[in-house]
Each structure stands twice: as structure tokens, then as C-alpha cells.
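# Secondary and tertiary structure notes
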Amino acid sequence: GINAEYGYPKLSGPDPSPFLPLFCFPDVQRIKEGELVLTSTYSFVLTAVTGEKQYGYCRRVKSRDKNSSLPQVYCVITKLGSLELYNVLLDKLSELHSHSEAAVHGFLSATISLSIPAPGCKVRAKQLNHLTGRLEDVEIKRPLDGARLEHVELHKLLQWFTVQQVMELFGSVLLERRILISCSHHHLDKLSSCVAALSTLIYPLKWECIYIPILPRQMIEAVTAPTPYLIGAMTEDMPAVQRELEEDSEPLVHFDMDTSTFVRSYGDEGSLLPGKSSNMIRTELLNLIPNLRHDPLYDNTAISTIFLTLMYKLLGHYKDYMIEYQGVREIDTEPFIRGARRYLRPLVERITDTQSFGLFAINIGEAGDYDQFKNFTEDKIANRSQSVFKFKRTFS
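Keep in mind the model is a prediction, meaning the values are calculated, not measured.

What follows is about the overall build of the chain. In terms of regular secondary structure, the chain is built from twelve helices and 14 strands. Within the chain, the proportion of its 396 residues that are buried is 50%. Summarising the internal contacts of the chain: among those between residues at least 6 apart in sequence, 61% fall at separations of at least 24. Of the roughly 19500 Å² of accessible surface on the chain, 50% is carried by carbon and sulfur atoms.

See below:
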């Protein structure tokens, strides 16, 4: 069985522990005694009935027990989605894991009381160096982009997919289709990272439907949901998935990362985006690929900005169509659609039927924030040769 050895701090509120083993070891039925344990990092999301999300960041390591070759997992549960921030924590835990359990407990005790740093800031924890016997500072820094991109690695999309495949998957996410991404259980990090990255491409819209970056075998029936979903499944579970889908007549996008092919599709993925928009994204991504810097902040912002350009053209005029109805500010949908550029209107009309657009409109009305793109021309990108510079775009 799978057991939680300890937790910091003691859980308060609803206990997520019944679900944690499934997500920490989604491939538990595939793990074999004697199999080589590769260190890997992957993530999941727990969504409460209220819609509140908690992020889980996992680091799989070899067991310290010399009599066992099965893996152990360190898992951080947090309300803040920040892959880079928690990777620092998990890196240190992995390092200390090879020393002793006492070292792990000491580090956790030192960090659990620290406040989460503001974007671009850092905190320090004291940790005993077991080689020198001295206390040392462990620096934990939060990325500068604090809300939108810090929990994803967009550059990996361009490593694992062709530009055309990225565009087709982006269109499928934008229109809230049922999307299944499969990958071998040996690459859980690749699978969860891919699903997370795809979900953020539609900013300032947010994926509000079923979202499971890695689907445990015990929850396989989720693929039969008639509503939109974005699910990552293990290739080894695909026979079971196919059996679940045998009597399912609903269309589905299924991309196999092992073979880099679409197994199932709606059939229109290549035409979801208008030709002019497709050409723009294709050209800019192809031009960007040789210039990626393997710097998360720079690469994330550069890739995101390409898609944000299209989102601006699709939705950026919404603030001109805000009306007040029964004391609530909202978007006047029909004039908003007609106000889009002619070649974009069919796509804009389809977007307004999505749940993500509906919640986008509600949130704008409630918050009174009518300029979701106000910082778009001032995206800050890290540059190794200079501290920070502004990445600006000109809209036609």
C-alpha cells in the first residue's frame, strides 16, 4: 500500500489525504520491485466543490531503505501555483534525502513558518550543512511574473510538439473541447508539464472545466465525462481508457506524446484559427525557437506573448462593449461579436459560448477591472546580459 509517513504542518480543514496517494503515485500499479527509480518532478491539482484549487508538486526519489527499491515521493500542497518556487524546495529535499531523515525534518521545520515571497522577492531558511557542521542560508526565490506563468514551462511545448500541433491543441483548448494527452508512465514530469502549459495559452481566459494533469488508474472513468476536459493519461492505461470510451459517441481530441500523433480528433483542428492568425503564430513561433534561452522567465513570456497577441485581437475590444444590467456591469455580447475584425468574428462568436468566456465576463463585471490587457505592452523578460528589459509589441 501507499502510506504518508509524515506531514508539515498538521492538516487543517478538509483532509485531502485520501486523494494524495492516487496523485503522488498515479502509476502505482506499474511500479515494480527492482525497477530503476529515476528522480522526477510532476504536479497535480486538487479542486474543491467550491472551485478552490490546491496545487501539488511532487518529487520522486529512491527510497532510503536499503531493503526496498520502491520510490518515495515528497509532495508540497499549496494554494499558490509556482513551479519554479517549489522546485527550489524540492531540490533541497532531494539533496537532504540522501543524508538522513533528520536532515529532511530539520529543513521542513525551518521553512514551514516562512512567508511566501512576493513576485521577484526571496526568503532565506537556515539549514545545517552536514559536511561542515555549519548553518547555511538556503535561498528560495519566487519568479518575477507572479500570477500568470510561474507554474508552467511553455518552452517545453516546442520541444515535444511541432508548431502546427501546438496551434491545433491551442484551438481545442480555446473552444473547450474534450482533450486527452497520453504519455508513458516513465515520463510523468513530461505529461503534467505539457497539460499545465496548454491550459495557460488562452490567457486572460482560464480553463474552468475538468482538469487532471495526471489521471490515476482508479479514476479512469473521468474520460467518459460529457463535458469539456483537459486530462493527462498514462499510455499504459490507454487500453482501459479505450474500453471506457467504446460506447462514448462524443468527439474527443487524443494526442499521443510517445508517437507525436493525434490518435483521435474532431477533424477540423487545422482550421480552428483563421488563416491570417495561423500564419502569424506559426511564423513567430518558428522564428522564436532558435532564440529560446532556456531561461524560464524569458522563454515563458516570449511564447505567451505570441498567443496573447491573438487573444488581444480576439477579446481586447471588450471594454468598448461594457453595459450595466440590473446594477451589474457586463459585456454586451452581440455588439461585442460584431465589433471584432471581420475575419475573426466566427471564432469570437464560438468563444463567447464557452464557460471560460462566461466567467471572464462575470469576473470583469464584479471586479470593475475593464482593462485585462493593460500590461500587455510592458511584459518584463529576464535577460542575462542586462537585468530586465521591456518586451513591447505593436498591434496592427
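Axis separation between helix H8 (residues 275-288) and helix H9 (residues 296-315) bottoms out at 10 Å; the angle between their running directions is 170°. Looking at the two axes, H8 sits roughly antiparallel to H9. In contact with Ser277, Met280, Ile281, Glu284, Leu285 and Leu288 of H8, H9 contributes Ala302, Ile303, Ile306, Phe307, Thr309 and Leu310. Classifying every residue of the contact of H8 with H9 gives nine nonpolar, two polar and one charged.

Turning our attention to unusual backbone geometry. In this chain, Tyr203 is followed by Pro204 through a cis amide linkage whose omega measures 15°. Mapped onto the elements of the fold, Pro204 is located in the loop between helix H6 (188-200) and strand S7 (210-212). Backbone geometry at Ser260 places phi at a positive 55°, although glycine is not the residue there. Topologically, Ser260 is positioned in the loop between strand S9 (253-256) and strand S10 (261-264). Given a relative accessible area of 28%, Ser260 falls into the partly exposed group.

Analysis parameters
Residue numbers restart at each chain and count upward from 1, following the sequence in its written direction. This being a predicted model, a pLDDT of at least 70 is required before a residue's local features are given, and a value of 80 or more before pairs of side-chain atoms are given or counted; all residues contribute to the totals for chains, interfaces and linings. Side-chain numbers here rest on the full set of heavy atoms in the structure, without hydrogens or water. We count a stretch as a helix when DSSP gives it H or I for four or more residues in a row; a strand needs E for two or more, and each element gets its number in order from the N terminus. Residue burial is assigned from relative accessible area. The probe radius is 1.4 Å, only protein chains are included, and a residue is buried under 20% of its type maximum, exposed over 50%, and partly exposed in between. Should any heavy atoms of two residues lie within 4.5 Å, those residues are counted as being in contact. Only the protein chains shown count as cover for residues, with accessible areas throughout obtained via the Shrake-Rupley method and a probe of 1.4 Å. Interaxial angle, 0 to 180 degrees, is taken between N-to-C directions of lines fitted to C-alpha atoms, where a helix line uses only the stretch in contact. For classification, angles of less than 35 degrees are called roughly parallel, those exceeding 145 degrees roughly antiparallel, those between 65 and 115 degrees roughly perpendicular, and all remaining angles oblique. The classification used treats Ala, Val, Leu, Ile, Met, Phe, Trp, Tyr, Cys and Pro as nonpolar, Asp, Glu, Lys and Arg as charged, and all other residues, Gly among them, as polar.

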